[in-house]
Amino acid sequence: MSTETIHDTPASDDGHDAHHDHHIPKGLMRWVLTTNHKDIGTLYLWFAFIMFLVGGAMAMVIRAELFQPGLQIVDPHFFNQMTTVHGLIMVFGAVMPAFTGLANWLVPMMIGAPDMALPRMNNWSFWILPFAFLILLGSLFMDGGGPAFGWTFYAPLSTTYSGDSTALFVFSVHIMGASSIMGAINVVVTILNMRAPGMTYMKMPLFVWTWLITAFLLIAVMPVLAGAVTMVLTDKFFGTSFFDAAGGGDPVMFQHIFWFFGHPEVYIMILPAFGIISAIVPTFSRKKLFGYASMVYATASIALLSFIVWAHHMFTTGMPVAAEMFFMFATMIISVPTGVKVFNWVATMWRGSLSFEVPMMFAIAFIVLFTIGGLSGLMLAIVPVDFQYHDTYFVVAHFHYVLVTGAVFSIMAAVYYWLPKWTGKMFDITLAKWHFWCSLVSVNVLFFPMHFVGLAGMPRRIPDYALQFADFNKWISIGGFAFGLSQLIFLVLIIKACKKIGEPVSDQVWEGAEGLEWEIPSPAPYHTFETPPVIK
Amino acid sequence: MSNQPESEKGNAAADSSSNDELSSPITHKTRAELAAQNAKTVKKLVFVVVGMLGFSFALVPLYDVFCDLTGLNGKPSDQAAIYESVEIDTSRMVKVEFITRTHSDMPWEFKAQVADIRVHPGQMGEVEFYVRNPSDKDIIAQAIPSVSPGTAALYINKTECFCFKHQPLKSGEEALMPMKFYVDPQLPKNITVLTLQYTLYDISARVQPAVVVAMNNS
């Protein structure tokens, strides 16, 4: 295990940042061989951004087909591949790697550690990821096409009615899972063992707390996903009958196993976002975070509750009323700790000395829009109405509000918040404001009308629709194209920032920012905290 | 959580500004000590990963056990019941309906000889199901039962059923398959109608005909 960046005696004061630098290889090999948490964080973030654009391009195909009723641009089988691979890429290729990238960059800097605990494994957990997605994307070019059974790969769609590319799908999910598990183990070990002297658990920044809990969720449920895809593989290719009634299996059991993974998974994609917002809101309110301890306990209770609500995805499979009641109420209880969080953010802003820099704009948009997504989730939790909403665009609206205006907006907020620390230069604020306002308007044009067409009964994952949905779908598609184009502004801004164009920033960057990462120089040196800081 | 006292200790130490007393994860830790500590944590976490992978496969038998115990999911027992001379509850009648269907790629004709029968709980009932293989190949079938309402699955006891065995039919052959059952008198009073559905699957690709003959003769 390489811990070459750690001094034998952390107390020694003669640590020179510079004397390691001549080890860094130049060019491509620097990135292939790197064990530096900042390099790996950058790799993760770029990978996530590229996957965000690839998955976004697929969403554009979906919206182009749905621009008007009828079948015009792609055939239904390809449409199904687009919805499937769009979902898989956005979940496993964009949101999760982006959070892992932020964890790599920030967790060591926030707890005063010199690097992640297991730097070489860190290199592996990133570099297997591009291969997973090459396999997944490559399967689209096979005879019979790529996976077309939805990102949830319900049996028997994935076992009986799928193509040969299912094997590639399964292997790519295995690799993604291995990557996530290694990343999560690294985060847990780093946080448990590498904190600076005096950095007690209840002094850790909330981003560190939320990531610690997220990492435990990942370690608990990614193996279950690996088990589920393995069962699909053997059912399809090796004659087992886990999910085949003819051989004594049960297709409904697939849904139980999948959602036992799947529901904690959705919290994996939102808990780090809570940590990000809890860092940004106090900075631009110039106040301490309201209710730090309650935030920690709320995060932990959301994580625990996430294991006992999975069947709310399956109300229409036919469950006894007692089970439906249990899962309904368990789901509704989650809104209590989530409500605590939203309350705390608002209370932090209350009578604060607010200023509206770009990260704060994204954070406020997150709070408002994520709450809309949470509210529609609460509606979906109600059993009798779920029977109507199930598999309609209302569900699509719900999870895009929590994942796009929730998780993705929080990632953008995080990038704007910490980017000046990473590059040492302020990003192009004018471009950033354009990016924010274009995204904010278009994302609501894109996803808000989905509530209406969903309530009116438009089913999801279908390439055609009844005529009465035509006007709304036109607007949804226009919003979709606008949101997609808005992200190109972000791309230009990031490229400019990486070329270090912009005004130099101070070490603290934002007036009111507090935490160890703001005490080191901007840009953050290649090696930080080789001598652990003392936490006051 | 047990972190609270630690936090207070940290605060108290900070207040008295004696940095030596801070509880510290990595003070005085050498590189070797840290590596050993990390290895220990990794070992524990890998144990959890392996355990959860095992758990995902353990869910398969657990699911069946859970369904058997609770009768959820409408899965009746796939074992023949033994008819004990139970007291026949003549005070009420239960209507048992039969639905037959074949899976999408299964060419057989399959129907119950009667659409429904009425029995007292505890009374034996017998129904015959007609099957014909109109295709030009020999096919082995497996019938999978499902009971609605699902919670009634626990109360339907079959002493003989074609669904307990593989059913081979040569091309053009036809047969009558018997099913004998009784409804447990413990059946909740609010259930007056039971629907028993059989789905017929073509499992020729999964089993060898010789094995079926041997199994069914034994």
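Residues numbered from 1 in each chain as written. Chains lettered and ligands numbered in written order. Predicted model: local features only at pLDDT ≥ 70, side-chain atom pairs only at ≥ 80, totals over all residues.

## Side note on the overall build of chain B
Here is step 1 of the chain: Looking only at helices and strands, one finds three helices and nine strands in chain B.
Here is step 2 of the chain: Secondary structure elements of chain B, listed N to C terminal, follow the sequence α-α-β-β-β-β-β-β-β-β-β-α.
Here is step 3 of the chain: Within chain B, buried positions represent 26% of all 218 residues.
Here is step 4 of the chain: Sequence separation of at least 24 residues holds for 74% of the intrachain contacts in chain B that already meet a minimum separation of 6. (Helix = DSSP H or I, 4+ residues; strand = E, 2+ residues; numbered from the N terminus. Buried ≥ 20, exposed ≤ 12 C-beta atoms within 10 Å, placed from the backbone. Contact = placed C-beta atoms within 7 Å.)

## A closer look at the overall build of chain A
Here is step 1 of the chain: Along chain A, the regular secondary structure elements total 16 helices and zero strands.
Here is step 2 of the chain: Taking 24 Å as the expected radius of gyration for a compact globule of 536 residues, we find that chain A reaches 23 Å, a close match to that expectation.
Here is step 3 of the chain: The C-alpha extent of chain A, read off along each of the three principal axes, is 70 × 50 × 45 Å.
Here is step 4 of the chain: Residues counted as buried form 55% of the 536 residues belonging to chain A.
Here is step 5 of the chain: Counting only contacts in chain A whose residues sit at least 6 apart along the sequence, the fraction spanning at least 24 positions is 83%. (Rg over C-alpha atoms; globule rule 2.2 N^0.38 Å.)

## Re the sheet that holds strand E6 (residues 156–161) of chain B
All names here are of chain B.
Here is step 1 of the chain: An order of E2-E4-E8-E6 is seen for the four strands of this open sheet, with the pairing classed as antiparallel. Each edge of the open sheet carries a strand with a single partner, namely strand E2 (109–112) and E6. Strand-to-strand twist in this sheet, taken as the mean axis angle between neighbours without regard to direction, amounts to 25 degrees.
Here is step 2 of the chain: Here nine bridges tie strand E4 (residues 124–132) to strand E8 (residues 174–183), and the two strands are oriented antiparallel to one another. (Pairing = 2+ DSSP bridges. Axes fitted to C-alpha atoms, helices over the stretch in contact; angles between N-to-C directions.)

## Examining the sheet that holds strand E1 (residues 94–102) of chain B
Residue and element names in this part refer to chain B.
Here is step 1 of the chain: Here we have five strands laid out as an open sheet, ordered E3-E1-E9-E5-E7, and mixed in their pairing. Edge positions in the open sheet fall to strand E3 (116–119) and strand E7 (167–169), since each of these has one partner strand only. Going from strand to strand, the sheet's axes swing by 30 degrees on average, the running direction of each strand aside.

## Concerning unusual backbone geometry
Residue and element names in this part refer to chain A.
Here is step 1 of the chain: Cis geometry marks the peptide bond from Ala 155 to Pro 156, where omega comes out at 5 degrees.
Here is step 2 of the chain: Tracing the chain through its elements places Pro 156 in the loop between helix H5 (129–138) and helix H6 (166–193).
Here is step 3 of the chain: Along the chain, Ser 522 connects to Pro 523 via a cis peptide bond; the corresponding omega equals -5 degrees.
Here is step 4 of the chain: Among the structural elements, Pro 523 can be located in the segment after helix H16 (470–498).
Here is step 5 of the chain: For Val 509, which is not glycine, the phi torsion reads 60 degrees and is therefore positive.
Here is step 6 of the chain: Tracing the backbone shows Val 509 in the segment after H16.

## Re the nonpolar core
Here is step 1 of the chain: Val 95, Ile 111, Val 208, Ile 280, Phe 362, Ala 413 and Tyr 416 of chain A are the most contacted members of the largest nonpolar core, which has 179 residues in total.
Here is step 2 of the chain: Within the second largest apolar cluster, 30 residues are counted, among which are Val 94, Phe 129, Ala 153 and Val 183 of chain B. (Core = buried A, V, L, I, M, F, W, Y, C linked by C-beta atoms within 7 Å.)

## Concerning the pairing of E4 of chain B
Here is step 1 of the chain: Sheet topology places E2 of chain B next to E4 of chain B; four bridges connect them, and they run antiparallel. Bridging across to E4 of chain B, Glu 109 of chain B finds its partner in Arg 132 of chain B.

## Here we look at the packing of helix H2 (residues 37–65) of chain A against H16 of chain A
All names here are of chain A.
Here is step 1 of the chain: Where H2 meets H16, the axes come as close as 9 Å, and the angle between the chain directions of the two elements is 160 degrees. Classed by the angle they form, the pair H2 and H16 counts as roughly antiparallel. For H2 against H16, the interelement crossing comes out left-handed. From H2, Leu 53, Gly 56, Ala 59, Met 60, Arg 63 and Ala 64 reach across to H16, where they touch Ile 476, Ser 477, Gly 480, Phe 481, Gly 484 and Gln 487.
Here is step 2 of the chain: Of the residues that constitute the contact of H2 with H16, the class distribution is six nonpolar, five polar and one charged. (Parallel < 35°, antiparallel > 145°, perpendicular 65-115°, else oblique. Left-handed = near helix turned anticlockwise from the far one by under 90°. Nonpolar A, V, L, I, M, F, W, Y, C, P; charged D, E, K, R; others polar.)

## Some points on the confidence of the model for chain B
Residue and element names in this part refer to chain B.
Here is step 1 of the chain: Looking at chain B as a whole, the pLDDT averages 80, with 81% of positions reaching at least 70.
Here is step 2 of the chain: For residues 1–24, every residue scores under 50 in pLDDT, and the model assigns this stretch 26 contacts once sequence neighbours within four places are set aside.
Here is step 3 of the chain: ipTM for the predicted complex: 0.86, alongside a pTM of 0.87. (pLDDT = per-residue confidence, 0-100.)

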